[in-house]
Amino acid sequence: MIFDKDGNTTIITQEKATVVELVKKLEVMYERFKNDNVIVNLTSLNKIPLEQIVEFLSISNTHRASKHSFVIVTDKTNLDETPDEIVVVPTLQEAYDIIEMEEIERDLGF
């Protein structure tokens, strides 16, 4: 797991461990990035089933409730099947775009 910081955004890149292991590590290390927008980059992993994407739901809901963005990047899952409560995009640029739009919405009070 690699942590990169870009302004007020933390990019977490997962290279080897399973998604379930990653979620457990993120829950333990939550204090480290709780005040940042978060991008979880899973592009280096193989096909990711919907059940594994749903593993992020709890931490995503917690993070979004504290007025920060939580975006997962992967092009190896069916984006049409993902629940609306979790943001999954196929590219890193789209993740940055989502964060920018959500920050504007928060600034406007939506």
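Look up a bit, the structure's there.
In this report, we go over the structure that sits alongside the text. Worth saying up front: this structure is predicted, and the values here are computed from it rather than measured.

Another point: the overall build of the protein chain. When its secondary structure is counted, the protein chain shows five helices and five strands. Along the protein chain, from the amino end to the carboxyl end, the secondary structure elements read β-β-α-α-β-α-α-β-β-α. Taken over the C-alpha trace, the protein chain has a radius of gyration of 13 Å; the compact-globule value for 110 residues is 13 Å, and the two agree within 12%. Within the protein chain, buried positions represent 40% of all 110 residues. Where the 11 positive side-chain charges of the protein chain centre and where its 21 negative ones centre are 7 Å apart.

For the rest of this paragraph, the subject is unusual backbone geometry. In the Ramachandran plot, K67 falls in the positive-phi region, its phi being about 65 degrees despite a non-glycine side chain. With respect to the secondary-structure elements, K67 resides in the loop between α4 (57–65) and β4 (70–73). Judged by its relative accessible area of 59%, K67 is exposed.

Turning next to the environment of V73. Mapped onto the secondary structure, V73 falls in strand β4. In this structure, the C-alpha to C-alpha distance between V73 and T91, residues 18 residues apart in sequence, is 5.8 Å. Each residue touching V73, except ones within four places of it in the same chain, is listed here: I39, V40, N41, L42, T43, V89, P90, T91, L92 and A95.

Per the counting criterion, the structure on display carries three aromatic pairs. Considering the side-chain rings of Y30 and F33, the 5.3 Å spacing of their centres and the 80 degrees angle between planes classify their relative orientation as edge-to-face. Note that Y30 and F33 are positioned in helix α2 (residues 30–33) at a spacing of three residues, about one turn of the helix. Residue F33 is classed as buried on the basis of its relative accessible area of 1%. With centroids separated by 6.3 Å and ring planes inclined at 45 degrees, the aromatic side chains of F56 and F70 adopt a geometry described as tilted. Here the residue F56 occupies a position in the loop between α3 (50–54) and α4, and F70 occupies one in strand β4, the gap between them amounting to 14 residues. With relative accessibility at 0%, the residue F56 sits in the buried group.

Thresholds, definitions, all that
Residues numbered from 1 in each chain as written. Predicted model: local features only at pLDDT ≥ 70, side-chain atom pairs only at ≥ 80, totals over all residues. Heavy atoms only, no water. Helix = DSSP H or I, 4+ residues; strand = E, 2+ residues; numbered from the N terminus. Rg over C-alpha atoms; globule rule 2.2 N^0.38 Å. Buried < 20%, exposed > 50% of the residue type's maximum accessible area, 1.4 Å probe, protein only. Lys, Arg positive; Asp, Glu negative; His and termini not counted. Charge placed at Lys NZ, Arg CZ, Asp CG, Glu CD. Contact = heavy atoms within 4.5 Å. Phe/Tyr/Trp six-rings, centres within 6.5 Å; stacked < 30°, edge-to-face > 60°.

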